[in-house]
Amino acid sequence: MSYSLVILCGGDSSRMGTDKALLPFTDKCLVEYIVSKFSPYFDKIYLSVNQRGDYTNLGLDIIEIPDIYNNAGPFGAILSSLAMISDDFAFFMSVDIPFLDPKVAVYLMEQSIGYDFCSLNFTDDINETTCAVYNKTCIADLAKCLLSRKYTWNDFYSKRSIKLIEIDELESISELSPLQLFYSIKDRDSYYMALFAALKGNFI
């Protein structure tokens, strides 16, 4: 089975004030860090971007997929990516969760067989809807949500075969806690905390 990863890089980063993907992180920038970390586990890596060529200068072994729908948030990015990837399904993650363990992503890929969508049953303090496996079978319903401007995940979930895995199962997959795995860089303060942790060798 071929494994594909899509890293969502096309957000406006309004709270950060600059492109999160290009933030310095250890001896790389953030998107380079994630690509390097996940590449041993995935056959193909795609970057969902606002415009083709956004990260070409980094020389990464990736394929850029520009958004088909502007200002449509993750719905548009996921739909654009599913339409362009060569495999039937892929694991999606945001570029701002650098401590996610690749083994968690692989586990979700394995658990997704036979389902349109597979993710974790996140707790109230973790909200990572985009961190999931999406199948190409989701394309039609994602498109309907976009055309009707219903950008809520409940509208999407109600139409698809989904599998939600209890977050406690990750204890046997990764040494990190869920709060560490899904620590999100939202603003300057959270970025500096993440950078400090990475430089100290924590949450790697």
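What you see is a predicted model, and the numbers here were worked out from it, not measured in a lab. (Residues numbered from 1 in each chain as written. Predicted model: local features only at pLDDT ≥ 70, side-chain atom pairs only at ≥ 80, totals over all residues. Heavy atoms only, no water.)

### Observations concerning the pairing of strand β7 (residues 117–121)
Moving on, step 1. Within β7, 4 of the 5 residues are buried, leaving the element largely enclosed by the surrounding structure.
Moving on, step 2. One ladder, built from 2 bridges, connects β7 with strand β8 (residues 132–135); its direction is antiparallel. Its bridge partner being in β8, Cys118 is matched across the sheet by Val133.
Moving on, step 3. Pairing of β7 with strand β9 (residues 162–166), which is carried by 5 bridges, proceeds in the parallel orientation. Residue Cys118 lies in a different strand from β9, and its bridge partner there is Lys163. (Buried < 20%, exposed > 50% of the residue type's maximum accessible area, 1.4 Å probe, protein only. Helix = DSSP H or I, 4+ residues; strand = E, 2+ residues; numbered from the N terminus. Pairing = 2+ DSSP bridges.)

### Comments concerning the sheet that holds β7
Strand-to-strand pairing in sheets goes through backbone hydrogen bonds, with the strands running parallel or antiparallel.
Moving on, step 1. On the basis of which strands lie adjacent, the open sheet formed by 7 strands has the order β5-β4-β1-β6-β8-β7-β9 and mixed pairing. In this open sheet, the two strands that pair with only one neighbour each are β5 (63–66) and β9. Taking the axes of each pair of neighbouring strands and ignoring which way they run, one obtains an average angle of 30° across the sheet.
Moving on, step 2. Note: strand β6 (residues 89–94) against β8, 4 bridges, orientation antiparallel. When the sheet's bridge partners are listed, Phe92 is paired in β8 with Ala132.
Moving on, step 3. This element, helix α1 (residues 30–38), spans β1 (4–8), β4 (44–49) and β6 of the sheet and lies at about 155° to β4. (Axes fitted to C-alpha atoms, helices over the stretch in contact; angles between N-to-C directions. Contact = heavy atoms within 4.5 Å.)

### Topic: the side chain of Ser48
Moving on, step 1. Counting through the fold element by element, Ser48 comes out in strand β4.
Moving on, step 2. Of the polar contacts made by the side chain of Ser48, one reaches the side chain of Asp67; its length is 3.5 Å. (Polar contact = N/O pair within 3.5 Å; in protein donor to acceptor, adjacent residues only side chain to side chain.)

### Looking at unusual backbone geometry
Moving on, step 1. The backbone of Thr26 sits at a positive phi, close to 55°, despite the residue not being glycine.
Moving on, step 2. Summarising the element assignment, Thr26 is placed in the loop between β2 (24–25) and β3 (28–29).
Moving on, step 3. We classify Thr26 as partly exposed; its relative accessible area is 29%.

### Description of helix α4 (residues 139–147)
Moving on, step 1. Three or more residues of α4 are buried, namely Asp141, Leu142, Ala143, Cys145 and Leu146.
Moving on, step 2. Downstream of α4 by one or two residues, Arg149 has phi in the positive range, about 55°.

### Observations regarding the environment of Ile7
Moving on, step 1. Here Ile7 shows up in strand β1.
Moving on, step 2. Classification of Ile7 by relative accessible area gives buried; the value is 0%.
Moving on, step 3. Placed 189 residues apart in sequence, Ile7 and Phe196 show a C-alpha to C-alpha distance of 23 Å.
Moving on, step 4. Those residues in contact with Ile7, other than ones at most four positions away along the chain, are Ile34, Val35, Ile45, Tyr46, Leu47, Ser48, Met93, Ser94 and Val95.

### Overview of the nonpolar core
Nonpolar side chains in soluble globular proteins tend to be buried together.
Moving on, step 1. By size, the foremost hydrophobic cluster in this structure holds 52 residues, and its most contacted members are Ile7, Phe25, Phe42, Phe91 and Leu100.
Moving on, step 2. Counting residues per element, the ones that place at least two in this core are β1, α1, β4, β6, α3 (102–111), β7 and α7 (188–199).
Moving on, step 3. When neighbours within four sequence positions are excluded, Phe42 is seen to be in contact with Tyr3, Ser4, Leu5, Phe91, Ala105, Val106 and Met109.
Moving on, step 4. In this structure, Leu79, Cys138, Ala143 and Leu146 belong to the second largest nonpolar core, which totals 21 residues. (Core = buried A, V, L, I, M, F, W, Y, C linked by side-chain atoms within 4.5 Å.)

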